[in-house]
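Here is what each chain is made of, one letter per residue.
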Amino acid sequence: DTLGQALRTCVPSTTVAALTSLHTGLSPAQTGMLGYQCWDPVARRVLNLITFEGYGRSAQSWCDQPTHFTYARDAALESVALVPPDFVGSKLSEITLRDANLKVSTKLSERCAQAATAFKQGADYVYLYWSHLDHWGHNLGWSHPRWLQELEAIDRALSELRAQLPDDVLMAITADHGMVNVNDASTVDIADSELASQVAAISGEPRALHIHLKEKYLGEDPAGNRTRKAPNALVLVQWQKLVAGRGQIIADYRQAYGDISEPDRIGDFTIFAKENYQFVDSRFHSRGVLQMVGVHGSLTPAEMEIPLILV
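> Can you walk me through helix α1 (residues 15-24) in this structure?
Two residues of an α-helix separated by three or four positions point the same way, owing to the 3.6 residues in each turn. Within α1, nine of the ten residues are buried, which leaves it mostly tucked inside the rest of the structure. Within α1, burial applies to Thr15, Val16, Ala17, Ala18, Leu19, Thr20, Ser21, His23 and Thr24. In the core, the buried residues of α1 are packed alongside α2 (28-31), α3 (68-74), α4 (91-96) and β6 (125-128). Following α1 by one or two positions, Gly25 adopts a phi angle in the positive range, close to 80 degrees.

Written out as structure tokens, the structure is:
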């Protein structure tokens, strides 16, 4: 039997946050994986949580949470994670795949074959990761023919894998997030706005942008699960005018994230984009980020709703 339903992913609806939540069962507010980029309060700089480039400390110093692979090991169960070669030794994998038995491959057919073999050899839990659908979505858009071609290839491969698995194995198919397509007309570049001079740093991502203000634009009192002072009320009004109907500003993070265990990793407020808008700052964002067609991170159904198919 097949059961298909829509689930809701985490806030923010982005890879590092969602994969950590998938493997730990905890929210990004609890894991500290609060966006594609976060503020590193120790190094006092923006940190890329996919690459952890320049991060000289251990992965566990950023997120020290056991995974389902940890629990499987403690219960004397055998678990396997099927991943690309560049996952091995990465700090993100040390967080998301902690205590997993990693097996690498580059082709989806190889990964499916590894999954079938693992179960035949007695594995109790197998995780198969495939990123190409996300790749084509980012580069060409989620509705592009190449994206649809990849979706069809994944459907065929997983159907063939299901036929090879023992009857007592449950296959669960899901995703970490959804996606929306953006374009030049739906892009707001803060560098071109009259508020550009207020910005000290940018983190998060274009659909869930963390704005770090210069100190003089902060108010008197901390608010909303924060360590720094809250933004000045008049400053927030200015930003709300800039964002207008294209996004939503949240400064009290409990409204979106819940109580954040490491609130010094996030900006003074987040701009959650609406519809197909995105908010960038060309002074801070790389060319690669600015050229993406498919993006995610915000609160819309297109990003938050993910499938769950049980076969």
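> Which parts of the structure should I look at to understand the packing of aromatic side chains?
Aromatic ring pairs are defined here through the distance separating the ring centres and the angle between the ring planes. On inspection of all chains with the given rule, the structure shows eleven aromatic pairs. Considering the side-chain rings of Tyr55 and Trp62, the 6.0 Å spacing of their centres and the 85 degrees angle between planes classify their relative orientation as edge-to-face. The buried category is assigned to Tyr55, whose relative accessible area is 5%. Considering the side-chain rings of Phe87 and Tyr129, the 5.1 Å spacing of their centres and the 40 degrees angle between planes classify their relative orientation as tilted. With Phe87 in the loop between β4 (79-83) and α4 and Tyr129 in the loop between β6 and α6 (132-140), the pair connects residues that are 42 residues apart, well separated along the chain. Of the residues examined, Tyr129 reaches a relative accessible area of 15% and is grouped as buried. Its guanidinium or amino end placed over the ring of Trp62, Arg265 lies 3.7 Å from that ring's centre, counting from NZ or CZ.

> Would you take a moment to explain the environment of Pro166 for this structure?
Turning to its location among the elements, Pro166 is positioned in the loop between α7 (145-164) and β7 (172-174). According to the relative accessible area criterion, Pro166 is partly exposed, its value standing at 27%. Separated by 46 residues in sequence, Pro166 and Lys120 place their C-alpha atoms 7.5 Å apart.

> I tried to follow the environment of Leu34 on my own but got confused; where do I start?
Relative to the assigned elements, Leu34 resides in the loop between α2 and β2 (37-40). The buried category is assigned to Leu34, whose relative accessible area is 0%. Placed 223 residues apart in sequence, Leu34 and Tyr257 show a C-alpha to C-alpha distance of 8.8 Å. If we ignore the near neighbours within four places in the chain, the residues touching Leu34 are Pro12, Pro28, Ala29, Leu49, His210, Tyr257, Ile260, Glu262, Arg265 and Ile266.

> Sorry if this is basic, but what is going on with the nonpolar core here?
Residues Trp62, Ile211, Trp239, Tyr257, Phe269 and Ile271 are the most contacted members of the largest nonpolar core, which totals 45 residues. At the level of elements, α4, β10 (199-205), β11 (208-213), α8 (233-243), β12 (247-250) and β13 (269-273) are the ones that each hand at least two residues to this core. In terms of residues, this core owes the most to one element, α8, which gives five residues. Excluding anything up to four places from it in sequence, Ile211 contacts Ile190, Val199, Ala201, Ile202, Trp239, Gly267, Asp268, Phe269 and Ile271. Within the second largest apolar cluster, 20 residues are counted, among which are Ala118, Leu133, Ala157 and Leu165.

The rules we used
- Residues numbered from 1 in each chain as written.
- Predicted model: local features only at pLDDT ≥ 70, side-chain atom pairs only at ≥ 80, totals over all residues.
- Heavy atoms only, no water.
- Buried < 20%, exposed > 50% of the residue type's maximum accessible area, 1.4 Å probe, protein only.
- Helix = DSSP H or I, 4+ residues; strand = E, 2+ residues; numbered from the N terminus.
- Contact = heavy atoms within 4.5 Å.
- Phe/Tyr/Trp six-rings, centres within 6.5 Å; stacked < 30°, edge-to-face > 60°.
- Lys NZ or Arg CZ within 6 Å of the ring centre and 35° of its normal.
- Core = buried A, V, L, I, M, F, W, Y, C linked by side-chain atoms within 4.5 Å.

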